[in-house]
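Notes for the structure review
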Amino acid sequence: MVRKDKQRRDLPRRTLVNTPPYAPISSAPVEDARGGIFCVGSALGSHTPAEHLASLIPVGIFACDAAGHITFFNRRAVELWGREPSIGKDDGSFCGAMRVWRLDGSVMGRMDTPPMQSILTGKRFRDQELIIERPDGSRLACSMSVEPQSDSTGAVAGVIAVIQDITERKRAEELLTRQADLLSQTHDAIFAWQWNGTIVFWNRGAERLYGYSATEALGRKTFELLKMEAPRDFDQLRYRLSRDGQCMEEMVQLARDGRRVTVESRLVLSRSFDAQPVVLETNRDISDRKRAEEDLREHARTLEAVNRDNANLYRAVQKELAEHKAAEEAVRQREAEFRLLAESLPLMVWITAPAGELVYVNSRWAEFTGCDLAATRGSGWSAALHPDDRERATSAWQKSVTEGVLFEAEYRLLRAADQEYVWHIARAIPVRDDAGAIVKWFGTSTDIDAQKRAEERLERAVKERTAKLRETVGELEAFSYSVSHDLRAPLRAMYGYSVALMEDAAERLSANEREYLARISRGAQRLDRLINDVLTYSRLARTDVRFDPVDLDRVLHEILLQYPSLQADRAEVRVCSPLGKVLGHEALVVQSVSNLMINAAKFVRPGERPVVTIWSEPRDERLRLWVQDNGIGISPHNLGRIFGMFQRLNPDSAYEGTGIGLSIVKKAVERMNGEVGVESEEGVGSKFWLELKRL
Amino acid sequence: MAHEHPILLVEDNSDDVFFLRRALKTKGINAPVEVASDGRAAMAYLGGSGKFADRTKHPLPRLVLLDLQLPYFTGLQVLGWIREQAALKRLPVVIFSSSSQARDIDSAYALGANSYLVKPTDVAELGRIIEAIRIYWLETNHGPTLT
């Protein structure tokens, strides 16, 4: 039951309150004649200071006994409940209210209400928020605090509860939350800071724009966090805010990632609830617009530069025109300069008319020949030439004049001073007008005597040296011939006598003596082969190599006929015909191939029959001839030196040889611009090859 | 008694003379062997001058084995001289030289050599050559008339 406010306001003094310690209330509250009086049994009719106080307090107060029955309430509580509870008995209310709800909208059972919970558990409650439903169905958001009261035994005897209307606060909070949500949702960066710059609010837009989360930003100083570049003066900004209450500013700030952000900023000064000044800053990112503006400015600067260049060009053209006017004067000047140059040059300069008559000679010509222009015209320029060169030079000059082509001739000119002839080279070019007609000839004669004489000396020297070289080559040939004859003759004798002695006296000689003789003959034979090979090798270097088609099959055929060691009784030679043709010097090819084959047949293990296989294969421009054996092979570390001079890889006693055979092959093939090589596996055999140009 | 036409060795090297003689004997050539140890001596013998004037004692050889490297006159000079002599121009001359150079071989044939043999280094090879000479020049070949 709701009382009229007017009536209630008239009754403050009659509101009763228990004085602690809590006394059990024996009587029900009684409504007095003026209505609206709430009272407690024992204190009924009397107005204690506590009752006055309770009626003055703008919060609802009530008390319950251990059974949860209301034993006391004040006027404000009745207002909040919208009804008046019965004192000291169960009136079906929830601690005074018609119904109670939780904030989430669920119904709170009677036993769940804070006073009942406090009675049951002895706990106290502070600012428990709940919703009270009045008999008319309206609801109030309330906050309830409950204090349990104990009796002398320590058991809960009842509770005192305070109930407060928080509906307004709740509404305001909701509004604020909604507003904050709105702020957060806006695209602009919105944040608030206290007068000293400390950030107290930071919306989503600010998070997006600056990259700092609200947690990171709150509590920081705005000008420090955002490293404000403009405006620099924070105090100036605050001064304007305090003077005008708001301002607009273009600011340049730094985002977390170092990005420079230009914002259009609106700042509004307001007061917080505690009267402290708070600045709300709303920033719109205008960086893109700024960049576009900067681009525009750059464009403008470029345009300006172009304009400047055009102006320069214009001035240059003006200048050029002015210079052109001076050109005619310059032509006259140049003419004079030409004469000065022509006169000072260390060579003869002359100019003739189109048909060849002299019109100008420089002073050097006159000095050298002793004839000035007039005298030269009179006798003709060819008079100064050596008689042997005159015909050649004049006809060349005539040819140039007739055909209009460059004139060039070397001739000897008579020097007037000492009557010596000096070599010169003369050159003349036709000078033509715009129509292409020759207007004059411009010529020079340069002293090339020193070069000419040097050339002659060189030629002479070359001839002399060539002759000398031929002589030396001839001497060398004579030398090698005499070596072959004179050195080999005594060797043959040594060998021959030892053989003769063996034949004639073998039965009279001891085994030792016969061995000595055998050694003498072997030594002689070896030395003979050595001389032979050295001669062959040295002859290779001198031989004039002629390149002819060489039929390798024929070469093989000849070799097989010639060498005893390649005969069927001593070796098996397999030739994979046809081998083809190469370009080379036949004698050298025979020499190289036979050396390779004899080598192949030689280096076999004792008692083994040599098998020599020969085949060829084209390799690009060349033909490669392979000579394979089944011999002892070559160890890898010896492969490199196998073609070297006097390289013997095996002891003398095992295999006869001079160590020159492969050097001869290499030399011969190289003289024919070919190549040699070897692949080998020790104990298996070797594969030698030579390559010559294929036909 | 008329002497048999000998074989004339023109050879300055006494060793070679020894081996030739030995090989000739070994290979069963019983013809007498005359030796001229230089070009001049060869020309004297063949021209019948001096101590060789008596052709009965020193008859013309049926075969000349001519070395090329000789004192006074070279073998080629001797050969050239032989071909200029009316009495000697048909005389069979076999060059027996240590040179196997084409220049020498070609010159020898150009001057009218009947054969060109290269002195072998091997004694056995020498025997083979001498045997070939016997078979071909002494037993197979029909020589010209010698006066």
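Residues numbered from 1 in each chain as written. Chains lettered and ligands numbered in written order. Predicted model: local features only at pLDDT ≥ 70, side-chain atom pairs only at ≥ 80, totals over all residues. Heavy atoms only, no water.

Regarding the sheet that holds strand β11 (residues 277-285) of chain A
Residues and elements named next belong to chain A. Formally: Whether two strands pair depends on DSSP finding at least two bridges between them. Numbering of helices and strands runs from the N terminus; a helix is a DSSP stretch of H or I covering at least four residues, while a strand is a stretch of E covering at least two. Here, axes are lines fitted to C-alpha atoms. For helices the fit covers the stretch in contact, and angles between N-to-C directions go from 0 to 180 degrees. We call two residues in contact whenever any of their non-hydrogen atoms come within 4.5 Å of each other.
Pairing is antiparallel across the open sheet formed by five strands, whose spatial order is β8-β7-β11-β10-β9. The sheet is open, and its two edges are formed by β8 (199-202) and β9 (246-254), each paired on a single side. Neighbour-to-neighbour, the strand axes of this sheet turn through a mean angle of 25 degrees, independent of strand direction. Against the sheet, helix α9 (residues 234-244) contacts β7 (189-194), β9, β10 (260-271) and β11, and its axis sits at roughly 160 degrees relative to β9.

Things to note about the packing of helix α15 (residues 511-542) of chain A against helix α19 (residues 661-671) of chain A
Residue and element names in this part refer to chain A. Worth spelling out the cut-off: Each angle gets one of four labels, with under 35 degrees taken as roughly parallel, over 145 as roughly antiparallel, 65 to 115 as roughly perpendicular, and the rest as oblique. Here a crossing is taken to be left-handed if its near helix is turned anticlockwise relative to the far helix by less than a right angle, and right-handed if that turn runs clockwise. Three categories are distinguished: nonpolar for Ala, Val, Leu, Ile, Met, Phe, Trp, Tyr, Cys and Pro, charged for Asp, Glu, Lys and Arg, and polar for the others, with Gly belonging to the last.
The geometry of α15 relative to α19 is characterised by a closest axis approach of 10 Å and an angle of 15 degrees between their N-to-C directions. When the axes of α15 and α19 are compared, the pair comes out roughly parallel. Every pair of crossing elements has a handedness; the one defined by α15 and α19 is left-handed. Residues Asp533, Thr536, Tyr537, Leu540, Ala541 and Arg542 of α15 touch α19, and the partners they reach there are Ser663, Ile664, Lys667, Ala668 and Arg671. Partitioned by chemical class, the residues of the contact of α15 with α19 number five nonpolar, two polar and four charged.

Overview of the interface of chain B and chain A
Using the following cut-off: We define buried area as the total accessible area lost by two parts upon association, computed with a 1.4 Å probe and summed across both. We define a salt bridge as a side-chain nitrogen of Lys or Arg found within 4 Å of a carboxyl oxygen belonging to Asp or Glu.
Listed per partner, the contact involves 20 residues of chain B and 17 residues of chain A. In total, about 1600 Å² of surface goes out of reach between chain B and chain A, with carbon and sulfur atoms giving 49% of it. Summed over the three residues of chain B that lose the most area to chain A, namely Arg22, Gln69 and Thr121 of chain B, the buried surface amounts to 33% of that side. Applying the counting rule to chain B against chain A returns three salt bridges.

Section: the side chain of serine 145 of chain A
All names here are of chain A. Heads up, the condition is: Working definition: with a 1.4 Å probe on protein chains only, accessible area under 20% of the residue-type maximum means buried, over 50% means exposed, and in between means partly exposed. The term polar contact refers here to a pair of N or O atoms within 3.5 Å; inside protein, the definition further demands a hydrogen-donor-capable atom paired with an acceptor-capable atom, and it admits residues adjacent in sequence only when both atoms are side-chain atoms.
Of note, serine 145 is situated in strand β5 (residues 139-150). Serine 145 gets classed as buried once you look at its relative accessible area, which sits at 15%. One polar contact links the side chain of serine 145 to the main-chain amide nitrogen of aspartate 127, over a distance of 2.9 Å.

Looking at empty space enclosed by the protein
What counts is decided by this rule: Here a cavity is any set of points on a 1 Å grid over the protein atoms alone where a 1.4 Å probe fits but cannot get out, and a pocket is any open set with protein on both sides within 12 Å along at least 5 of 7 lines; a residue lines the site when it has an atom within 4 Å of a point. Grid points are joined across faces, edges and corners, and a volume is the space filled by probe spheres set on the points.
A complete count under the given rule lists four cavities of 30 Å³ or more for this structure. Within this model, the largest cavity holds a volume of roughly 140 Å³. Taken together, Arg492 and Gly496 of chain A together with Asp16, Phe19, Leu20, Phe96, Lys119, Pro120, Thr121, Asp122, Val123 and Leu126 of chain B form the lining of the largest cavity. Of all the secondary structure elements, the ones that give two or more residues to the lining of the largest cavity are α14 (449-505) of chain A together with α1 (14-26) and α5 (123-140) of chain B. Among the elements that line the lining of the largest cavity, the one with the most residues is α1 of chain B, at three residues. Estimates place the volume of the second largest cavity at around 110 Å³. Among the secondary structure elements, those contributing two or more residues to the lining of the second largest cavity are β12 (348-352), β13 (358-361) and β14 (407-415) of chain A. Residue classes in the lining of the second largest cavity are distributed as eight nonpolar, three polar and no charged.

Digging into the pattern of salt bridges
Pairing between side chains of opposite charge can happen when their charged atoms approach one another. Residue and element names in this part refer to chain A. Counted under the stated rule, the structure contains 43 salt bridges over all chains. A salt bridge links aspartate 418 to arginine 415; the shortest N-O distance between them is 3.1 Å. In this structure, glutamate 558 engages arginine 554 in a salt bridge whose closest nitrogen and oxygen atoms are separated by 3.9 Å. One end of the pair is glutamate 558 and the other is arginine 554, both in helix α16 (residues 552-562) and four residues apart, which spans about a single turn. For glutamate 558, a relative accessible area of 34% puts it in the partly exposed group. Residues participating in the shared-partner salt-bridge network are Glu617, Arg619, Arg622, Arg624, Glu675 and Glu691.

Some remarks on α1 of chain B
Residue and element names in this part refer to chain B. Rules: Residue count minus one, scaled by 1.5 Å, sets the expected span of a helix.
Taking 1.5 Å of rise per residue, the 13 residues of α1 would be expected to cover 18 Å, and the 18 Å separating its terminal C-alpha atoms lies within 8% of that figure. Within the sequence span of α1, burial applies to Asp16, Val17, Phe19, Leu20, Arg22, Ala23 and Leu24. Its side-chain oxygen placed 2.7 Å from the backbone nitrogen of aspartate 15, asparagine 13 serves as the N-cap of α1. Looking one or two places after α1, you find glycine 28, whose phi comes out positive at around 80 degrees.

Details of helix α4 (residues 114-121) of chain A
Residue and element names in this part refer to chain A. The set of residues buried in α4 consists of Pro114, Pro115, Met116, Ser118 and Ile119. At its buried positions, α4 is contacted by β1 (60-65), β4 (125-133), β5 and β6 (156-165). One or two steps after α4, the chain reaches glycine 122, where phi turns positive at roughly 80 degrees.

Quick word on unusual backbone geometry
If a residue is not glycine, its phi is most likely negative; likewise, a peptide bond is most likely trans. Residues and elements named next belong to chain A. Put simply, serine 577 and proline 578 share a cis peptide bond, and its omega is -5 degrees. Its identity is not glycine, yet asparagine 673 carries a phi of approximately 60 degrees, on the positive side. Looking at where asparagine 673 falls in the secondary structure, it is placed in the loop between α19 and β22 (675-681). On the accessibility criterion, asparagine 673 (55% relative accessible area) is exposed.

Section: the sheet that holds strand β2 (residues 33-36) of chain B
All names here are of chain B. Spatially, β2-β1-β3-β4-β5 is the arrangement adopted by the five strands of the open sheet, whose pairing is parallel. A single partner strand is all that each edge strand has here, and the edge strands are β2 and β5 (115-118). Ignoring strand direction, the axes of neighbouring strands in this sheet form an average angle of 20 degrees. Of the pairings in the sheet, the one linking strand β3 (residues 63-66) to strand β4 (residues 93-97) comprises three bridges and is parallel in character. Across the sheet, residue leucine 65 finds its bridge partner in β4, namely valine 94. Docked against the sheet, α1 engages β1 (7-10), β2, β3 and β4, running at close to 170 degrees with respect to β2. Set on the sheet, α5 makes contact with β1, β3, β4 and β5; between it and β5 the angle comes to about 165 degrees.

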